[in-house]
Amino acid sequence: HQELFHTMHFGYTILYVEDVPRTIAFYEAAFGLQRRFVSEEGDFGELDTGATALAFSSLQLMAQLGKNPQRASASAPSFEIAFTTPDVPAAVERAVAAGARLVQGAEQMPWGQTVAYVADINDALVELCTPMAPPPAA
């Protein structure tokens, strides 16, 4: 079984949303990401976020596949997406200008990281934060 774990990679996270093309366009405008692709039917799409893609599937498609998809809720989140940026206040401003809702303004945390939260157009919680420095080598 050891070989299996050496070939395991985190491929993508899929969020279930009402309108995939609109969500992809929002993430491009709000966070500066680039679309990898959107299916012809418009029920699935991916954003290029580096090694791991951020993907979206329509609630309708998930229901057709026999799943019981739940909508995101920033006031009762079961997950969050986090994007790192050196300038959190500017990132918040850009996201809100693109239609995000401010949840919590930029704050410096006791551990030194600056963190803010917005809700995307689907009410998913998005954290905008400065990168964490790796812990010093022992």
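All figures in this text were calculated on a predicted structure; none of them were measured in a lab.

Within the largest apolar cluster, 25 residues are counted, with the highest numbers of intra-cluster contacts made by Tyr27, Phe31, Phe56, Phe83 and Leu128. When contributions to this core are tallied by element, the ones reaching two or more residues are β1 (12-17), α2 (20-31), β4 (53-58), β5 (81-84), α4 (88-97), β7 (114-119) and β8 (125-129). Looking at this core, the element that brings in the most residues is α2, giving six residues. Excluding its chain neighbours within four sequence positions, the residues that come into contact with Tyr27 are Gly32, Leu33, Leu47, Leu54, Phe56, Ile81, Phe83, Asp120 and Val126.

One open sheet holds the four strands; their spatial order is β5-β8-β7-β6, and the pairing between them is mixed. Looking at strand neighbours, the two that pair on one side only are β5 and β6 (101-108), the edges of this open sheet. Neighbouring strand axes in the sheet, compared pairwise and without regard to direction, differ in orientation by 15° on average. The sheet contact formed by β6 and β7 spans five bridges and is antiparallel.

What follows covers the sheet that holds β1. The mixed open sheet is built from four strands, whose spatial order is β1-β4-β3-β2. Among the strands making up the open sheet, the edge pair consists of β1 and β2 (34-38). Within this sheet the neighbouring strands show an average axis-to-axis angle of 25°, counted without direction. With six bridges joining them, β1 and β4 adopt parallel strand pairing. Note that in β4 the partner of Leu15 across the bridge is Phe56.

Conventions used here
Residues numbered from 1 in each chain as written. Predicted model: local features only at pLDDT ≥ 70, side-chain atom pairs only at ≥ 80, totals over all residues. Heavy atoms only, no water. Core = buried A, V, L, I, M, F, W, Y, C linked by side-chain atoms within 4.5 Å. Buried < 20%, exposed > 50% of the residue type's maximum accessible area, 1.4 Å probe, protein only. Helix = DSSP H or I, 4+ residues; strand = E, 2+ residues; numbered from the N terminus. Contact = heavy atoms within 4.5 Å. Pairing = 2+ DSSP bridges. Axes fitted to C-alpha atoms, helices over the stretch in contact; angles between N-to-C directions.

Read these as layout, nothing more, since geometry by itself doesn't imply function.
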